[in-house]
Amino acid sequence: ATTAVILPGGRDDTVRIFVKGAPEFVLDLCTEYMNAEGQVARMDTHKKEDVLREVVKEQFARQAFRTLLIAYHDMPLADFNQLKRANNDFENEADREELEKGGLTVIGIYGMQDPLRPEIVGAVK
């Protein structure tokens, strides 16, 4: 599942929606990505497969890192308010998922180390 956080965008009439979640799920919602030069580029099926294979599996999974993908979408404030009214003021996760349907732009993927806790040894034995 993903989480949406609403923050004001660069202009007063814009809302920027940030989404984070497992790359395997969030990538399906993405239509663009920010490339190494900081430019937004179209993301097709092949690019999504490359990201999952090369970044998520080859770079992070081999090091046993958990990964999160961060993406965003901008929308006019009026559209945001209308969508909010139509979806229970985004009271629950299902309502907030409506914000993710506008085509997201990937900002990046990061890996987190999740070290084993000492008590896990006994649990596994």
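Predicted model, so just to flag it, every value in this text is computed and none were measured.

A closer look at the layout of surface pockets
Taking a probe equal in size to a water molecule and rolling it over the atoms shows the remaining empty space.
Alright, step 1. In this structure, the largest pocket occupies an estimated 240 Å³ of space.
Alright, step 2. Lining the largest pocket are 14 residues, and of these Tyr33, Lys47, Val51, Val55 and Val106 sit closest to its centre.
Alright, step 3. Contributions of two or more residues to the lining of the largest pocket are made by strand E3 (30-34), helix H2 (45-60) and strand E6 (104-113).
Alright, step 4. Here the lining of the largest pocket takes five residues from H2, the largest share from any one element.
Alright, step 5. Among the residues forming the lining of the largest pocket, the class breakdown is nine nonpolar, two polar and three charged.

A closer look at the packing of aromatic side chains
Alright, step 1. The final tally for this structure, using the stated rule, is one aromatic pair.
Alright, step 2. Between Phe80 and Phe90, the aromatic rings sit 5.5 Å apart at their centres with planes inclined by 45°, giving tilted as the arrangement. Pair noted here: Phe80 is in helix H3 (residues 77-86) and Phe90 is in the loop between H3 and helix H4 (93-96), with a separation of ten residues, a long-range link.
Alright, step 3. Of note, Arg16 hangs over the ring of Tyr72, and the distance from its end group to the ring centre comes to 4.3 Å.

Digging into unusual backbone geometry
Alright, step 1. Within the chain, Asp89 stands out as a residue other than glycine whose phi angle is a positive 55°.
Alright, step 2. Looking at where Asp89 falls in the secondary structure, it is placed in the loop between H3 and H4.
Alright, step 3. With a phi close to 55°, Phe90 is a non-glycine residue in the positive phi region.
Alright, step 4. Owing to a relative accessible area of 9%, Phe90 belongs among the buried residues under this scheme.

Focus on the side chain of His73
Alright, step 1. Its location among the elements puts His73 in strand E5 (residues 65-76).
Alright, step 2. Engagement of the side chain of His73 in a polar contact is seen with the backbone oxygen of Gly103, the distance being 3.2 Å.

Some thoughts on the pairing of E6
The side chains of a regular strand alternate, residue by residue, between the two faces of the sheet.
Alright, step 1. As paired strands, E3 and E6 are joined by three bridges and run parallel to one another. Bridge pairing in E6 places Cys30 opposite Leu104.
Alright, step 2. Pairing of E5 with E6 involves eight bridges; the strand directions are antiparallel. Of the residues in E6, the one forming a bridge with Thr67 is Gly111.

Quick look at H2
Alright, step 1. Restricting attention to buried positions, one finds in H2 the residues Lys48, Val51, Val56 and Phe60.
Alright, step 2. Buried residues in H2 make contact with helix H1 (23-26), E3, E5 and E6.
Alright, step 3. Measuring from the side-chain oxygen of the N-cap residue of H2 to the backbone nitrogen of His46 gives 3.2 Å; that N-cap residue is Asp44.

Structural notes on a nonpolar patch on the surface
Alright, step 1. Side chains of Leu116, Ile120, Val121 and Val124 sit close together on the surface and give an oily, nonpolar patch of about 410 Å² of accessible area.
Alright, step 2. Using a relative accessible area of 33% as the deciding quantity, one classes Ile120 as partly exposed.

Thoughts on the nonpolar core
Alright, step 1. Residues Val26, Cys30, Met43, Leu69 and Val106 are the most contacted members of the largest nonpolar core, which totals 20 residues.
Alright, step 2. Sorting the residues of this core by element identifies strand E2 (14-21), E3, H2, E5 and E6 as the ones contributing at least two each.

Rules and cut-offs
- Residues numbered from 1 in each chain as written.
- Predicted model: local features only at pLDDT ≥ 70, side-chain atom pairs only at ≥ 80, totals over all residues.
- Heavy atoms only, no water.
- 1 Å grid on protein atoms, 1.4 Å probe; cavity = no way out; pocket = protein on both sides within 12 Å on 5 of 7 lines; lining within 4 Å.
- Points joined across faces, edges and corners; volume = space filled by probe spheres on them.
- Helix = DSSP H or I, 4+ residues; strand = E, 2+ residues; numbered from the N terminus.
- Nonpolar A, V, L, I, M, F, W, Y, C, P; charged D, E, K, R; others polar.
- Phe/Tyr/Trp six-rings, centres within 6.5 Å; stacked < 30°, edge-to-face > 60°.
- Lys NZ or Arg CZ within 6 Å of the ring centre and 35° of its normal.
- Buried < 20%, exposed > 50% of the residue type's maximum accessible area, 1.4 Å probe, protein only.
- Polar contact = N/O pair within 3.5 Å; in protein donor to acceptor, adjacent residues only side chain to side chain.
- Pairing = 2+ DSSP bridges.
- Contact = heavy atoms within 4.5 Å.
- Patch = residues over 30% accessible without salt bridge, like charges linked within 9 Å, V, L, I, M, F, W, Y side chains within 5 Å.
- Areas by Shrake-Rupley, 256 points an atom, 1.4 Å probe, with all protein chains shown as cover.
- Salt bridge = Lys/Arg side-chain N within 4 Å of Asp/Glu carboxyl O.
- Core = buried A, V, L, I, M, F, W, Y, C linked by side-chain atoms within 4.5 Å.

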